[in-house]
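Chain by chain, the residues run as shown.
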Amino acid sequence: MQSEKQSIYRGDKAVRTFLATILFSGLAYGFYRGIQDNYLAEIIKISEFERGIVEFFREIPGLLLVFILAAMYRFSETKVFKIGTAIMLSGLLGLLLLGSSKVVVILFMVVFSTGEHIVMPIKSSMSLGFAKGDKGGASLGVTSSISHGGNILGYFLVSALFFVFARIGYARDSIVGFRTVFIIAAVLMLLATLIVFTMKDQGKPVRRSRLYINKKYHKFYMLEVFYGARKQIFLTFAPYVLILFYGADTSIIALLLAICAVFGMLLSPAIGILVDKLGYKTIMVADTLILVVVCIMYGFAHRIFPMHIAFIVVCVNFVLDSIISLASMATNVYVRDLSSNREELTATLTTGISVNHLISVLIALLGGYIWKTLGIEVLFSLSAVLGVINSIYAATIKKPAERTMF
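Residues numbered from 1 in each chain as written. Predicted model: local features only at pLDDT ≥ 70, side-chain atom pairs only at ≥ 80, totals over all residues. Heavy atoms only, no water.

**A closer look at the overall build of the chain**
Put simply, the rule reads: Secondary structure elements follow DSSP: runs of H or I of four or more residues count as helices, runs of E of two or more count as strands, with numbering from the N terminus. Radius of gyration: C-alpha atoms only; globule rule: 2.2 Å multiplied by the number of residues to the exponent 0.38. Summary of the burial criterion: residues with accessible area below 20% of their type's maximum are buried, those above 50% are exposed, and those between are partly exposed, where the area comes from a 1.4 Å probe applied to protein chains only. Contacts are residue-level and defined by heavy atoms, with any inter-residue pair within 4.5 Å sufficient. Accessible surface area values rest on a Shrake-Rupley calculation with a 1.4 Å probe, where residue burial reflects the displayed protein chains alone.
From N to C terminus, the chain includes 17 helices and zero strands. Here the C-alpha radius of gyration of the chain, 20 Å, is about what a compact globule of 406 residues would show, namely 22 Å. Taking the principal axes of the C-alpha coordinates as reference, the chain spans close to 60 × 45 × 40 Å. Within the chain, buried positions represent 56% of all 406 residues. The long-range fraction of contacts in the chain, counting pairs at least 24 apart against all pairs at least 6 apart in sequence, stands at 87%. Here the chain displays about 16,800 Å² of accessible surface, and carbon together with sulfur accounts for 69% of that area.

In structure tokens:
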């Protein structure tokens, strides 16, 4: 294992602190994400239409990310990584300590989301920066695998906790289980924050354009639009379909998320290696056939099978979608190959996230309305169409004539 890591990374000791932070923050996120949708549905009483509204506000930090990072242009990537982690901690503490009204919950979900989105592009660019020139995909795969490892333990423990609470007499909508999980998540995120603050700031401040638009990245921007729309439908509404339509409790949702994370941890390194060997274009295009089946079955399973069978089919497809999403790392490697330097890479990834979220916030609102008025069949058929368009567009990508190393 050590020799494998040495073959991927440049030998910088800071990579250990970086990966430890990824592990603990991933574990904290596993606890938080494991209860999020059931907490909104069963404690805060958010309807399917209101769920779209919640997601609209939660995704606003992603839309504004390029401006948020521009305000920190004097900071190194390491310092920005620290700030993002600390903001995630603040969000969890707010959810734990400051009540459960709709406004307060949405506010601190947005705070947590702000930290999460700040960390997102920095985590990718730092992971690529620690890697040797031709090991970018493998490095992203290892980072993703460690994060999923933390998620797995968090999800499984949430599932076990709520199973135990149900056995000793607590109702599925009891606040006790949810508050217990928030305490654990906050403690774990505090550990992640303390660890990352031991990392020394490295490198010069990275100058970040307020909106980095370059003609050579126009296909990347379009891919982010299509991917953002498709992703948002599943991210927002797939768990809510299981909860409101099929009656899944917190233990089941957390268990499904754990299974997704297991596959993520096992398959991320393999997919990263495939990106390096087969090329990002092949990986971007290859997920289309599975995606179409996933979306159609998610929307129409209850019309094809009896409800108890449909529930199992939808659960399987919930997991399959998470596996498909792993292929998104190919886009980061594509941008790395186009970038002239580390600063340009970070700025482009950040702008890509903002482009992604521009469509995401609109889809969040539109998705809730489509579900309410036209049904889940139309909602997930739209997701399938967007996925096909994404892959067709990815097929037009041409590999750069020369690969930039930095």
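**Quick look at unusual backbone geometry**
Residue K45 is not a glycine yet carries a positive backbone phi of 60 degrees. Note on placement: K45 falls in the loop between α2 (14-43) and α3 (48-58). For K45, a relative accessible area of 51% corresponds to the exposed category.

**Things to note about the nonpolar core**
The cut-off we apply is this: As used in this record, nonpolar core signifies buried Ala, Val, Leu, Ile, Met, Phe, Trp, Tyr and Cys residues forming a set joined through side-chain atoms within 4.5 Å.
Residues L242, Y298 and F380 are the most contacted members of the largest nonpolar core, which totals 94 residues. It is α2 that contributes the most residues to this core, 14 residues altogether. With 26 residues, the next largest nonpolar core counts Y212, Y280, V335 and A394 among its residues.

**Observations regarding the packing of aromatic side chains**
In plain terms, the rule: Side-chain rings of Phe, Tyr and Trp, where Trp is taken by its six-membered ring, are said to pair if the distance between their centres is within 6.5 Å; with planes under 30 degrees apart they count as stacked, over 60 as edge-to-face, and otherwise as tilted. Note on geometry: a ring has a charge over it if NZ (lysine) or CZ (arginine) is within 6 Å of the ring centre and within 35 degrees of the ring normal.
This model, assessed by the stated rule, comprises 18 aromatic pairs. Here F162 and F165 contribute two aromatic rings whose centre-to-centre distance is 6.3 Å and whose plane-to-plane angle is 75 degrees, an arrangement assigned as edge-to-face. Placement of both F162 and F165 in helix α8 (residues 136-167) is noted, with a separation of three residues, approximately one turn of the helix. When its relative accessible area of 9% is taken as the criterion, F162 is described as buried. Overall, the relative accessible area of 14% leaves F165 in the buried class. The ring of F49 carries K372 above its face, with NZ or CZ at 5.2 Å from the centroid.

**Here we look at the state of the cysteines**
In plain terms, the rule: Here, two cysteine sulfur atoms that lie within 2.5 Å of each other are counted as a disulfide.
Enumeration over the complete set of coordinates arrives at zero disulfides. For C260, which is in no disulfide, the shortest distance to another cysteine sulfur is to C315 and amounts to 9.6 Å.

**Some points on the pattern of salt bridges**
If charged atoms from side chains of opposite charge come close, those side chains can pair. Just so we agree on the cut-off: The salt bridge criterion pairs a side-chain nitrogen of Lys or Arg with a carboxyl oxygen of Asp or Glu, the two atoms within 4 Å.
Counted by the stated rule, this structure contains nine salt bridges. With its nearest N and O atoms 3.3 Å apart, the salt bridge here joins D37 to R51. Here D37 is found in helix α2, whereas its partner R51 is found in helix α3, with 14 residues between them in sequence. Looking at D37, the relative accessible area reads 1%, which means it is buried. Where R51 meets E55, a salt bridge forms, and the shortest distance between an N and an O atom there is 2.8 Å. Of this pair, R51 and E55 are both found in helix α3, four residues apart, which corresponds to roughly one turn of the helix.

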